[in-house]
Amino acid sequence: MQPSRSIMINVTNIRKDFPILNREVNGKPLVYFDNAATSQTPQQVIDVIVDYYSNYNANIHRGVHALSQEATDKYEQARQTIQRHFNAAKAHEIIFTSGTTHGINLVANGFSSLLKKGDEVIVSAMEHHSNIVPWQMLCERTGAILKVIPMSLEGELLMDVYHNDLLSEKTKIVFCNHVSNALGTVNPIKEIIDAAHKVGAAVLIDGAQAAPHIIADVQALDMDFYVVSAHKICGPTGEGVLYGKEEWLNKLPPYQGGGEMIAEVSFEKTTYADLPHKFEAGTPNICGGIAMAAGINYMNAIGFDNIASYEHELLEYATAQLLAIEGLKIYGTAKEKTAVISFNIGEIHPYDIGSILDKLGVAVRTGHHCAQPIMDFFKIPGTVRASFSFYNTKEEIDVMIAALQRAKAMLE
Amino acid sequence: MTIKEIQADIVDEFSMFEDWMQRYEYMIELGKSLPIIQEQYKTDDNIIKGCQSKVWVHADLEVDKLVFTADSDAIITKGIIAILIRAFSNQKPQDIIDADTNFIDEIGLKEHLSPTRANGLVSMIKQIKLYAIAYQTQLG
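Structure report, in brief. (Residues numbered from 1 in each chain as written. Chains lettered and ligands numbered in written order. Predicted model: local features only at pLDDT ≥ 70, side-chain atom pairs only at ≥ 80, totals over all residues.)

Further remarks concern the packing of helix H3 (residues 66–85) of chain A against helix H9 (residues 286–302) of chain A. Residue and element names in this part refer to chain A. It is at 8 Å that the axes of H3 and H9 come closest, and there the two elements cross at 40°. Regarding the angle of H3 to H9, the classification is oblique. Note that H3 runs across H9; the crossing there is left-handed. Each of Ala-71, Lys-74, Tyr-75, Ala-78, Thr-81, Ile-82 and His-85 in H3 lies in contact with H9, whose residues at this interface are Ile-286, Gly-289, Ile-290, Met-292, Ala-293, Ile-296 and Asn-297. (Axes fitted to C-alpha atoms, helices over the stretch in contact; angles between N-to-C directions. Helix = DSSP H or I, 4+ residues; strand = E, 2+ residues; numbered from the N terminus. Parallel < 35°, antiparallel > 145°, perpendicular 65-115°, else oblique. Left-handed = near helix turned anticlockwise from the far one by under 90°. Contact = placed C-beta atoms within 7 Å.)

Below, the structure is given as structure tokens:
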């Protein structure tokens, strides 16, 4: 028999690190279950942000003065922290972005010069809009064809279709999320990547939803591109990274023109800077990069194995409690999933449930979660989504269940 | 009754409630009594695009007054529309154009007026006013 896994995590102490968890909403203690949208920020990261603006705020890379040197050092150390976290071979394979969406657009835009009419691009059926629209735009520009990996009612990708019907010599790039934001499904990305490489296609994996729960080893997975956002992993909004294999980053043209990304400029010709600066035009979110690394350090100090097993415990507990509510249906029941539960109760509109829960201090997300194709697939207007983090507790889940019972009684 | 009188009535009714629960329960009741739009008017053209719940609003001119019917797939949203329709239906277009909507604030639903709220109350009011402007132009 396994010992209680929650012993590995001291939630009481962890919660003390998050000042926001002490506040009230509508006169009730906040129960924050919208972690898949954004994670909360520990004091350790807030301190780093305050320290940056209090002590060494300066523009980086070109300044000869002390503050600029300090800021540059801290920013480049942050890049190395992130490099180590994802086990990238080189620090310059880590490109700072404004977040996952920026990273996807950077790659999609770069591929517009590599694709021609008749080439094929494959996307999964459970993508976030941010991982559908840039590729649709790319296909419109280049005449490439967009193909979709379908999914089962459980919310798992139909890998047979991918292998047998979709992948071919015409496939140039495949993109898929590591974890679905709407359903929590953990996708078999190693299988997706290996098969794509056999036909010479590149793969972009959207790691936004995976990063809070799983460390992706980009070398072990033979990743071409991996994109994440800082604000899902205890960091600030407006910051993220694109990991790109060096050979791919060298093949892609720059995304935006501006300062920082150039080596030499004349009106006849500009030569671009080396990686990573080629993709980092303009003054970056310096504090954001440094704080992102602080968030990663914070989570690593707790340990991702501990986080994953504790969150799994919360997921199992919440799933059992939710299923005990009459008429409640869970969408996304894949064998491998993160601590995300999408559900509806009978015919009640998710918006109505979310509104009542908010009044009771429980923050969940309602709607289509920017994944309308998934909602169309299940023929529903949307879902209520509760997503858990390592600072949540079973007691909070009990509060949500009681709130749901109350909402159900009011709305039915 | 004028729009102002009806709004004052609504404010009176809501002032009897002690907490949000009672307000919401009343809104849900109102939602159930909403004058439902005919199916033929539940078209994409008549949808007010909020992020989360769908809202359809239709207006008919009966002699010199506008009569509104509506529907939504969310019951709280239906309650909000029912309040709006009670305030603005069966009124002359010019009066609808001239009316203010401060009563929403007074009945404790101010939070729904924020443009970031997903229920589109602001868009609903705008749509009702747009109908009024369109029919006023037609009436000359």
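Another aspect to go through is the sheet that holds strand S6 (residues 145–149) of chain A. All names here are of chain A. Read from one edge of the open sheet, 7 strands run S4-S10-S9-S8-S7-S5-S6, paired in mixed fashion. Of all the strands in the sheet, the pair left with one neighbour each is strand S4 (94–97) and S6. Taking the axes of each pair of neighbouring strands and ignoring which way they run, one obtains an average angle of 20° across the sheet. Pairing analysis gives 3 bridges linking strand S8 (residues 202–206) to strand S9 (residues 225–229), with the strands arranged parallel. By the bridge assignment, Ile-205 is partnered in S9 with Tyr-226. (Pairing = 2+ DSSP bridges.)

Residue and element names in this part refer to chain A. Two elements in contact, helix H4 (residues 100–111) and helix H5 (residues 133–142), have axes whose closest approach is 9 Å; the angle formed by their N-to-C orientations is 10°. As far as their axial angle goes, H5 and H4 are roughly parallel. Crossing geometry of H4 relative to H5 is assigned as right-handed. Note on element contacts: H5 touches H4 through Pro-134, Trp-135 and Leu-138, opposite Ile-104, Asn-105, Ala-108 and Phe-111. Taken together, the residues of the contact of H4 with H5 sort by class into 6 nonpolar, 1 polar and no charged. (Nonpolar A, V, L, I, M, F, W, Y, C, P; charged D, E, K, R; others polar.)

Quick look at H4 of chain A now. Residue and element names in this part refer to chain A. Taking 1.5 Å per residue as the helical rise, H4 with its 12 residues ought to reach 16 Å, and the 17 Å between its terminal C-alpha atoms agrees with that figure. Of all the 12 residues making up H4, 11 are buried; the element is thus mostly covered by neighbouring parts of the structure. In this fold, the buried residues of H4 make contact with S4, H5, strand S7 (171–177), S8, S9 and strand S10 (240–244). (Expected span 1.5 Å × (residues − 1). Buried ≥ 20, exposed ≤ 12 C-beta atoms within 10 Å, placed from the backbone.)

Residue and element names in this part refer to chain A. The residue Gly-327 is located in the loop between helix H10 (304–323) and strand S13 (328–331) in this model. Residues Gly-327 and Gln-40 lie 287 residues apart in sequence; the distance between their C-alpha atoms is 32 Å. Beyond its immediate chain neighbours, meaning those up to four positions away, Gly-327 contacts Ile-345 and Gly-346.

Residue and element names in this part refer to chain A. A cis geometry characterises the amide bond from Leu-275 onward to Pro-276, with omega recorded as 0°. Relative to the elements of secondary structure, Pro-276 occurs in the loop between strand S12 (270–272) and H9. In this structure, Asn-87 takes a positive phi of about 55° despite not being glycine. Tracing the backbone through its elements, the reader meets Asn-87 in the loop between H3 and S4.

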